[in-house]
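Coordinate inspection notes
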Amino acid sequence: MASVTPAVRLGKWFDEITLADVPSVGGKNASLGEMYRALSSKGVPVPNGFAITADAYRRFTDKLGLKGVRGRGAQARRAILTTALPSDLEEAILAAYSRLGGGKDVAVAVRSSATAEDLPEASFAGQQESFLNVKGRAALLDTCRRCFASLYTDRAISYRADKGIDESRIALSIGVQLMVRSDLAASGVMFTLDTETGFRDAVLINAAYGLGESIVQGAVNPDEYVVFKPTLKAGFKPILQKIAGGKELKIVYDDGGTERTKSVPVPLPDRERFAIDDAEILTL
């Protein structure tokens, strides 16, 4: 992506990002970069994307004079949402979006990734906004501003005040990533150990129909599958446990509707069967 000067980088593609870039792109984008770099070459199809850097955020918010409104969330949010992004930043975002979709307006996820250098005790997970099924240039720029503004929600400001975090040390990066059509199939979360016991020889998989936000938000009771690693490495099919969850709802695209996504009921026969089959469990 474009840069203003060698010292100010507006964006980075996932294949450029490592964990060393956390101060620039935040933990979420750094992890996505590591996944893309490490797994794509192994045949794992990680969707591509790019990160809008913390430097880009600072240039935008410094221009708005937000340092003078620290702690006044509504005023800061209003300033961000009613001001156009700097023209060079807009151009960089739209050029990357065009390249990401091969010139087409594709659906992307737009996710906040807070940066706070040297603050290992702080966790910003879930505090800032993310948007799914963002499609089109105007919608992308709008959701980027909304991500920036979400750093100034009352909840986020209160958390930083409670933790004694200096506002000047906080910035926001944004990840823009291609979406796969999990709304037409299933999605989930996979852990490389048993989350309850810490047992490291097991893989724990949660799965449900539709987009993964239903699991992340706790809106559904997903399926649970457990795989034993040592026997899997030996060439066997060691699925130790399969528990069917309720899966009453699924989140899908709301193309043509008033929202980007919507929740719909899952038919009873689908609820009673597993969201993914044994071959898919073992592939994961």
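These numbers come from a predicted model, not from an experiment.

Reading the values: rules and limits
Residues numbered from 1 in each chain as written. Predicted model: local features only at pLDDT ≥ 70, side-chain atom pairs only at ≥ 80, totals over all residues. Heavy atoms only, no water. Core = buried A, V, L, I, M, F, W, Y, C linked by side-chain atoms within 4.5 Å. Buried < 20%, exposed > 50% of the residue type's maximum accessible area, 1.4 Å probe, protein only. Contact = heavy atoms within 4.5 Å. Helix = DSSP H or I, 4+ residues; strand = E, 2+ residues; numbered from the N terminus. Polar contact = N/O pair within 3.5 Å; in protein donor to acceptor, adjacent residues only side chain to side chain. Salt bridge = Lys/Arg side-chain N within 4 Å of Asp/Glu carboxyl O. Pairing = 2+ DSSP bridges. Axes fitted to C-alpha atoms, helices over the stretch in contact; angles between N-to-C directions.

Ile52, Val108, Val110, Leu140 and Phe148 are the most contacted members of the largest nonpolar core, which totals 42 residues. Apart from the residues lying within four places of it in its own chain, the contact partners of Leu140 are Ile93, Tyr97, Val108, Val110, Val134 and Val176. Ile205, Ala207, Val227 and Ile276 belong to the second-largest nonpolar core, a separate cluster that totals ten residues.

Glancing now at unusual backbone geometry. The backbone phi angle of Asn133 is positive, close to 55°, even though this residue is not glycine. If you trace the backbone, Asn133 turns up in strand E6 (residues 130-134). Judged by its relative accessible area of 6%, Asn133 falls in the buried class. Even without glycine at this site, Lys247 takes up a positive phi of about 50°. The topology assignment puts Lys247 in the loop between strand E11 (239-243) and strand E12 (249-253).

Right, let's talk about the side chain of Ser173 for a bit. Positionally, Ser173 belongs in strand E7 (residues 170-178). At a separation of 3.2 Å, a polar atom in the side chain of Ser173 contacts the main-chain carbonyl oxygen of Val25. A polar atom in the side chain of Ser173 sits 2.9 Å from the side chain of Asn29. Residues within four places of Ser173 in sequence aside, it is in contact with Ser24, Val25, Gly26, Asn29, Ala51, Ile52, Thr53, Ala54, Arg111, Ser112, Ser113 and Thr115.

What follows deals with the pattern of salt bridges. The tally for this structure, following the rule as stated, stands at 13 salt bridges. The residue Asp278 makes a salt bridge to Lys242 at a minimum N-O spacing of 2.7 Å. Highlighted residues: Asp278 in helix H10 (residues 278-283) and Lys242 in strand E11, separated in sequence by 36 residues. On the basis of relative accessibility, which here comes to 38%, the residue Asp278 falls in the partly exposed class.

Attention now moves to the sheet that holds strand E10 (residues 223-228). Whenever strands of a sheet pair, they do so through backbone hydrogen bonds, lying parallel or antiparallel. Strands sit in the order E8-E9-E10-E11 across an open sheet of four strands; the sheet is antiparallel. Strands at the two margins of the open sheet, each flanked by one partner only, are strand E8 (186-191) and E11. Pairwise comparison of adjacent strand axes, ignoring direction, gives a mean angle of 15° for this sheet. Pairing of E10 with E11, which is carried by four bridges, proceeds in the antiparallel orientation. By the bridge assignment, Val227 is partnered in E11 with Ile239.

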